[in-house]
Amino acid sequence: MATTELGQQKAKKRSSSKTANRRNVWLLVATTILVVISVALFMPPSEKINQGLDIQGGLSVVLTAKSTDGAPVTPEDMEKSRAIIESRVNALGASEATVQEQGSDQILVQIPGLADTEEALATIGRTGSLEFARLDSFTDEDVKNAIDSGQTSGEGTVTDEFGNAFPSGQVEHMAVEAGTYTPIVTGADITNVTIGRESEGSTYYSVNITLNSQGAKAFADASRDLVADHGKIVIILDGEVQSAPAVQSEIPNGEVSITGQYSLEDAKALQTILESGSLPVSFEYAQSQVVGPTLGQDALVSGVVVALIGLAVVMLYLLFFYKGLGIITAAAMAVFAVLYLGILAALSAFHLFSLSLAGIAGIVLTIGMAADSSILTVERFREEIRMGRSVKAASITGVKHAIFTSIDADLVTMVSALCLFFLAAASVKGFGMTLALGIICDIAMMLIFKAPLIRLLAPKVIAKHPGFWGIKDSIDASRGYAELAAAEGVPEAEAETAAQMNAAETRVVAEGEGEPGSVAVTAVRKIRGRFIKHDINFLGYRRVFLTVAAVAMVACLAIVGFRGLNFGIEFVGGTSVAFHGTGDITTEQMREAMNDAGEPDAVIQTTETNGEPGFLVRTTTTSAEDATARANQVAEALGMTASDFEVTTIGPDWGASVIQSSLIAFLVSILLIIVYIAIRFEYKMGVMAIVALFHDLILVVGIYALVGREVNPNTIAALLTILGYSLYDTVVVFHRINDNMKGEDIRCTFMTMANHSMNQVFIRTINTTLTSFIPVFAMLLFGGETLKDFAFAMAIGLIAGSYSSIAIACPLYCMWKTREPKFAKLQKKYGTEVGLFEFDHSASTGIAQVPLARLEANARAEAYVAEQTEATGEAPDAAAVAAAAKPKPVTNKKKKHRHGRAQ
């Protein structure tokens, strides 16, 4: 009967194993299909993945709505304005253009590949409010006289630094105030718009309109009244008088010509405005960016090079450190990259994604995240083998625990990425999208490729060639722990995870304590490999760490207070013109050209992009049209083309809106992260993780103030990314502490257990920090200016984040946790000293080494002697006492670990 049941159990086990193998195979098949589909979607990448305007070149404008009557701008006004502006953009012949509402009072317009940016700037945001009014209806006599005498337009002037006026070459029209005249008809009465000559032989063009029946009647009535004395009808566009023709005859058919010395381009722009209709509210340019395609393509090339360098170096590092398991890790990263590109191509096909420079930075950073999850998996797999599990069992339990830990850390980063996407503005938004997509790909890659592959290879391939796959040292360690466990009379896992938590509770067999004990200690000391045999006393130096952190924070805040931050043009308003490929042009020539263009106070800096000399010119001009016109004038004077420069104009409100949206994203992220960690672990972990995060952000800001580096939107994106990266390592450490807390019988202080938990993941922390830092460092060395700005902040943040999880988050959390009644009792029992996990006690002279096994043997011997003496009246012989002192046999199946399982 027993034989039959045993056979049934074996058959059931084989069936379960076959089912699991089939599931793993099907997951790998699904991965292969997804990889093939992804390759088909993104090949060739230059054609299948949309390029944003900062790469392809073009125009980006942010328009801020301003109500003319003081009333708030309504959502209906914004939607109507968006539709009108979109029709104007389409009339420009632009492809892949984006017109979308941003916030409650802004509209973002992005037109990649646009050639004539000046025309677009003069067209898309113009109100287009057209009115016809009788001259005799004007109430301001001075204005009426000026119009009547023909003084409605003229060539504008610019004034140099000495007060001298020069002609600007631009026609300026006379402005009139609304309410000082009575309109006859408006742009709402227009049914058709065409272009023609002002008169036969004229070099100027007119815009001819046809009015609807109501407008035609009103215009006919007015012209009938004015024809007798040739009265004038004034044509007003956006509050400026275009012309005031005298009525020579009655106009009964509603066909009217608008004149104003228009060139053909001006007439076409006005036609587009009138055909689309007038905007319900007026708009101001909050930001305008004109990007040359050459600069964008150089940045794209440098971004791709950085991504490839970062990927290659990370793969080589993993291969060197983890041997055969590094091959699996490299393959997983390759699958991650293919799936990522496939998703970007699919979104591009539906016009939902355009690759920007900030997006490139997000892609490069996700390389480090993919490597991080791979390291988590490999380290946990090796650790499970050291704990005595078979290679097959470790491939199941180790991979499962690693995936749970990685998903927890990924989801915390996902919170910040989604907040960036939904709440932030401008390039920060695009970065949040690419970061979120990278996290999704990372989780998918772990579940459908890496985990099934390790589970399939573990039983036969990896187990048979431990040296090649990099697990031989873990197997040797397991054997050493097994010998130690046998000598101590404890389970193997307990010998590995609970060797010395407290001096009074140690189970380490001292050398010389019998032949088995001596052999076991010798075997353990010979264990080599990439894991720690001796705990580092992190928490023992917690006061030093916290003092250093506090001093650093005070110093950073003082530096920011005294030196301030060097805010870029995005936060103070003005114009930035980046000239590249300037060759032998000198600073004096550039300054002279800017003076001639009407910018005598321009700040000029020399730059170098990809080895090419250039200039960065900053002015206080916030008019998008004026800035672009002056940049074109300078380029023409210096023998350059429109593709040799990029223009960025920022209105005074733009910086405030970016800071506001980023701050909202930051605060929402903090709240959501605390909630998530509170649900997943406990709220104390969430609070202390945020405290460490503030340390990292303040440190980055302080260093920026110290070195005087410019703070721009890329810096804001980096700071918000640090939010996720700083928490990543902290969550991993908290995850291990949380697992180790599950033990019901913790025979050490909470500080000791937490310190051991920190040491258990310390190697992972080092490796993941390095693999995350490599692509960031590559950006800092080889990236364009945009990527370098981003990488500088990220490099500081990554180092600070790894440090703060050990030196700030965990010490503060442990100090808070130790006050709980349960753990306060343990501290009272075992003392305040942090116990260390050690096998070699020669360096621990300050702690009395009293093996618990010896104490328990003596206690059993004394109890046996007392029992026998009371029963027989005589003391037992030495052999009987020695036999009674030996520990009872234990098994690994049901005995609970006294220190809790170190997961």
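Whatever comes next refers back to the structure up there.
Residues numbered from 1 in each chain as written. Predicted model: local features only at pLDDT ≥ 70, side-chain atom pairs only at ≥ 80, totals over all residues. Heavy atoms only, no water.

Caption draft 1: Structural view of the pattern of salt bridges. Evaluated as defined, the whole model comprises 14 salt bridges. Between Arg134 and Asp136 there is a salt bridge, with its nearest N and O atoms 3.0 Å apart. Linked by salt bridges that have partners in common, Lys217, Asp221, Arg224 and Glu250 make up one network. (Salt bridge = Lys/Arg side-chain N within 4 Å of Asp/Glu carboxyl O.)

Caption draft 2: Spatial organisation of the nonpolar core. Of all hydrophobic cores here, the largest spans 128 residues; its most connected members are Leu325, Ile737, Phe750 and Tyr813. The element contributing the most residues to this core is helix H13 (residues 426-464), with 16 residues. The residues touching Leu325, leaving out its near neighbours within four places in the chain, are Val378, Phe381, Arg382, Ile462, Trp469 and Ile471. (Core = buried A, V, L, I, M, F, W, Y, C linked by side-chain atoms within 4.5 Å. Buried < 20%, exposed > 50% of the residue type's maximum accessible area, 1.4 Å probe, protein only. Helix = DSSP H or I, 4+ residues; strand = E, 2+ residues; numbered from the N terminus. Contact = heavy atoms within 4.5 Å.)

Caption draft 3: Geometry of the packing of aromatic side chains. Considering all chains together, one arrives at 11 aromatic pairs under this definition. Here Phe468 and Trp469 contribute two aromatic rings whose centre-to-centre distance is 5.2 Å and whose plane-to-plane angle is 90°, an arrangement assigned as edge-to-face. Taken together through their ring pairs, the aromatic side chains of Phe734, Phe750, Tyr813 and Phe823 make up a single cluster. It is Arg709 that lies over the ring of Phe792; its NZ or CZ is 4.6 Å from the centre. (Phe/Tyr/Trp six-rings, centres within 6.5 Å; stacked < 30°, edge-to-face > 60°. Lys NZ or Arg CZ within 6 Å of the ring centre and 35° of its normal.)

Caption draft 4: Representation of the sheet that holds strand E9 (residues 205-211) in the model. Here we have 3 strands laid out as an open sheet, ordered E8-E9-E12, and antiparallel in their pairing. The open sheet has two free edges, formed respectively by strand E8 (190-197) and strand E12 (255-262), since each of these has just one partner strand. The sheet shows a mean angle of 25° between the axes of neighbouring strands, taken without regard to direction. The strands touched by helix H8 (residues 264-276) within the sheet are E8, E9 and E12, with E8 carrying the most contacts at an inclination of about 175°. (Pairing = 2+ DSSP bridges. Axes fitted to C-alpha atoms, helices over the stretch in contact; angles between N-to-C directions.)

Caption draft 5: Inspection of a nonpolar patch on the surface at higher detail. A cluster of nonpolar side chains, Val25, Trp26, Val29, Ile33, Leu34, Ile37 and Leu41, forms an exposed patch at the surface whose accessible area comes to about 630 Å². Along the chain, Leu41 turns up in helix H1 (residues 2-42). Under the relative-accessibility criterion, Leu41 is labelled partly exposed at 36%. (Patch = residues over 30% accessible without salt bridge, like charges linked within 9 Å, V, L, I, M, F, W, Y side chains within 5 Å. Areas by Shrake-Rupley, 256 points an atom, 1.4 Å probe, with all protein chains shown as cover.)

Caption draft 6: Region of the structure containing the state of the cysteines. The tally for this structure, following the rule as stated, stands at 0 disulfides. Unpaired in terms of disulfides, Cys810 finds its nearest cysteine sulfur in Cys814, a separation of 5.9 Å. The exposure class assigned to Cys810 is buried, which follows from its relative accessible area of 0%. (Disulfide = S-S within 2.5 Å.)

Caption draft 7: Broad picture of helix H21 (residues 624-637). With 14 residues, H21 extends 20 Å between its outermost C-alpha atoms, agreeing within 8% with the 20 Å of an ideal straight helix rising 1.5 Å per residue. Taken as a whole, H21 has its buried residues at Ala624, Ala627, Thr628, Ala631, Val634 and Ala635. Along the long axis of H21, the arc covered by the buried residues comes to 125°, so they all point the same way. More than 90 degrees from the buried face of H21, the exposed residues found are Glu636 and Ala637. (Expected span 1.5 Å × (residues − 1). Arc of directions from axis to C-beta.)

Caption draft 8: Structural context of the environment of Phe615. On the secondary structure map, Phe615 appears in strand E17 (residues 612-619). Overall, Phe615 belongs to the buried group, its relative accessible area being 3%. Residues Phe615 and Gln605 lie 10 residues apart in sequence; the distance between their C-alpha atoms is 5.5 Å. Discounting chain neighbours no more than four positions away, the residues touching Phe615 are Val577, Ala578, Phe579, Thr582, Ile585, Thr586, Thr587, Met590, Ile604, Gln605, Thr606 and Thr607.

Caption draft 9: Region of the structure containing the side chain of Thr730. Following the sequence through the fold, Thr730 ends up in helix H24 (residues 713-740). With residues near it in sequence (within four places) discarded, Thr730 still touches Ala689, Ser805 and Ala809.

Caption draft 10: Summary view of the side chain of Asn738. Inspection of the secondary structure assignment puts Asn738 in helix H24. Judged by its relative accessible area of 17%, Asn738 is buried. The contact partners of Asn738, leaving out residues within four places of it in the chain, are Phe681 and Met685.

Caption draft 11: A look at the pairing of strand E15 (residues 574-580). The element E15 is largely enclosed, with a buried count of 7 among its 7 residues. Both E15 and E17 contribute to a ladder of 6 bridges, which runs antiparallel. The residue of E17 that forms the bridge with Thr575 is Thr619.

Caption draft 12: Inspection of unusual backbone geometry at higher detail. The peptide bond linking Met43 to Pro44 adopts the cis configuration, its omega dihedral lying at -15°. Mapped onto the elements of the fold, Pro44 is located in the loop between H1 and helix H2 (45-48). If you check the backbone angles, His230 has positive phi at about 55° while not being a glycine. Note on placement: His230 falls in the loop between helix H7 (213-226) and strand E10 (233-237). A relative accessible area of 41% places His230 in the partly exposed class. Its identity is not glycine, yet Lys323 carries a phi of approximately 55°, on the positive side.

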